[in-house]
Amino acid sequence: MPELIPLRSFYYKVGRKDSERLKKLVAPPYDVISEEELIEMKKDPDNICHIILPESYKDAGNKLKQLIDLNQLVYEKSRCIGIYGIDYKKPDTGELISRYGFVGLLKLVEIFPANDGVIPHEMTFKKYTDDRLQLIQETDSNFSPIFTVYNGNGTAENLFNKYIHKEPFLQTEDRDGFIHKIWKVWKKEDIQEFQEIVRKHSIIIADGHHRYITSLRHSRHGGCQYIFALFIDFNDPGLIIYTNQRQIHNLPVKNIGELKHKLENYFELQKINEYEILKNLMKENKKSNSETQEEKSKEELEKEEEDRIKIESLRKAGKIAQEVKKDIKPKIKPGTKALDIVKMAEAKIEDLGGLCAFPVNLCINNIAAHYTSPLKDDGLMIGEGDLVKIDLGVHIEGYIVDTAFTVNFNEDESLENIVQATEVALDAAKMMIKPKVNTKELGQKIEDIVRGFKYNPIKELGGHQIERWTVHGGKQLPELGSQGGDIMEEGEVFAIEIFASTGEGSIHNTQYSHIYELNPYSGRVPLRRKASKQLLGFVNKNYKTLPFAERWLANEFRMGIAFGIHELVQQGKLQAHFVLAEKKGVYVAQSEETILVAEDGYEQLT
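**Considerations on the packing of helix 14 (residues 530–542) against helix 15 (residues 561–570)**
Each packed pair of helices is defined by two parameters, the angle between the axes and the distance between the axes. At a minimum axis distance of 8 Å, the contact between helix 14 and helix 15 shows a crossing angle of 80°. Considering their axes alone, helix 14 and helix 15 lie roughly perpendicular with respect to each other. Counted together, Ser532, Leu535 and Leu536 of helix 14 and Ile561, Phe563, Gly564, Ile565, Glu567 and Leu568 of helix 15 form the full contact between these two elements. Taken together, the residues of the contact of helix 14 with helix 15 break down into 6 nonpolar, 2 polar and 1 charged.

What follows is the structure, encoded as structure tokens:
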């Protein structure tokens, strides 16, 4: 189903008070700007056309940075949904019409085929998406929303009426005399209503197919997983569709006279005598069809190549993970330093030709997840009677596998079967995997087995989909049958992850965090510390959207790591993964494998 989230946007600061000045700064969509208009707009050094149609992509990035540094483009204070209104005159009657929609971030999904509620109606051409892709890579931004429509039967109208009678947040006039207005929605309950509207309906891309495909390509290589989108209800009275020229082939009629007779009931017909015009139109159409088929073939070949690389990379990462587990397990002993185990596992991953998808986790006893050795070695040792969990991830060019196992050094009778409970539940869950199965069914099986061993599953943790450059994808595999589930589809990758606890089966955040992750939705924010800027650049280049350990930065930066990370977390650029724990005195075991959903079942990768 389609997913909408609120966004934090940039806006021209001067536009809040001076709509005339704002009028000189905005521009139409890049693909409808004529050469004459571009020359005129570029006379203003701050017009957005310097970014959307730059002399070079690097110029676009530099211009965006300059406008931000000079405080001309201001970052929104918090995430919100925008209500967008446009007042315009009908070209045929001159009647004043208003249209309203809302803007936010739409989650990117594959649209060929359209299986996830976002529906295209046009083919795209790679040469155009290549152009926009280079712009996104240089600026990390969307500059205009795609235009989408849905059949909501006016469900958003009551929400609009709460805001559109108030003064707009921004207002300006375009080259055609149309008035554009924006209102901001920060109320949580109103945002949730907009999200529910999108969730319940199929979304049709009316305009912006090339921008959508561009952002989708960018997301496959670690870019943002969402795109800036405008949503308009089919039933909005301001949504008027005018006719366009079309050529129709293979009509079930015998002659022109019969065709004319049938068409006269529905259309006004006008005869065109210029034979050359029709002939040229037919030539152009034939050429266009040929190009479309050629581009379609290229897209199909590109997709096939991507699938091949994906499978090969996942299998290679899986073999590396298997080797690392085999190598590291005998070395986990009482009296061994946690940092030594973690470093050995991470080094082994790289020696075998992989990269760490996240820092190796070594969690003892009641610690369930997210512990890795900190920047300054805390001297943690594995002790007699400890229950030790190792969780490691390997990636090849962003294709990730995730696996975990538990070693028990405690001879207490209550822990005799705790590792077995997780392994049996894992095997049972795997046997249920096939396309179209609901992960809720797997969660029920996991819960039944773990409880059957007299332990409790941990309700806040569980398996998860793995996407390229994203350890925790959009779909979840719950530990409990009472929790919500998702449908598994062929070709998707999942980490089947089982926890068993001697406690109540609930974890909490501790005060410690040694693992961080770049927040791809934070946008640009001002940073005071030089170290923060350097850290951010290094993280973005080397880890993209994957979690990393603060100690990994020590080889590159001698000072300022702790302060830099603190500022980046405060500004929302980094997300801290706090160590997760059950109550003291409780023991937690873990087993995990990564699988690929296949046509008739699954392929285990780790």
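**Quick look at the pairing of strand 10 (residues 203–207)**
With 2 bridges joining them, strand 6 (residues 118–119) and strand 10 adopt parallel strand pairing. Across the sheet, residue isoleucine 119 finds its bridge partner in strand 10, namely isoleucine 204.

**Focus: the sheet that holds strand 21 (residues 574–581)**
Read across the open sheet, the 4 strands follow the order 13-21-19-20; overall the sheet is antiparallel. Because the sheet does not close on itself, it has two edges, and the strands there are strand 13 (367–369) and strand 20 (548–549). By the bridge criterion, 7 bridges tie strand 19 (residues 508–518) to strand 21 in an arrangement that is antiparallel. Residue pairing in the sheet places tyrosine 516 in a bridge with alanine 576 of strand 21.

**Overview of the packing of aromatic side chains**
Each aromatic ring pair is summarised here by two numbers: the centre-to-centre distance and the angle between the ring planes. The tally for this structure, following the rule as stated, stands at 14 aromatic pairs. Between the aromatic rings of phenylalanine 538 and phenylalanine 557, the centroid separation amounts to 5.5 Å while the plane-to-plane angle is 90°, which identifies the pairing as edge-to-face. Of the two residues, phenylalanine 538 sits in helix 14 while phenylalanine 557 sits in the loop between strand 20 and helix 15, which places them 19 residues apart along the sequence. The two residues phenylalanine 538 and phenylalanine 557 agree in class, both being buried. Residues tyrosine 543 and tryptophan 552 carry aromatic rings whose centres are separated by 5.5 Å and whose planes lie at 50° to one another, so their mutual orientation is tilted. Given a relative accessible area of 13%, tyrosine 543 falls into the buried group.

The rules behind the values
Residues numbered from 1 in each chain as written. Predicted model: local features only at pLDDT ≥ 70, side-chain atom pairs only at ≥ 80, totals over all residues. Heavy atoms only, no water. Axes fitted to C-alpha atoms, helices over the stretch in contact; angles between N-to-C directions. Helix = DSSP H or I, 4+ residues; strand = E, 2+ residues; numbered from the N terminus. Parallel < 35°, antiparallel > 145°, perpendicular 65-115°, else oblique. Contact = heavy atoms within 4.5 Å. Nonpolar A, V, L, I, M, F, W, Y, C, P; charged D, E, K, R; others polar. Pairing = 2+ DSSP bridges. Phe/Tyr/Trp six-rings, centres within 6.5 Å; stacked < 30°, edge-to-face > 60°. Buried < 20%, exposed > 50% of the residue type's maximum accessible area, 1.4 Å probe, protein only.

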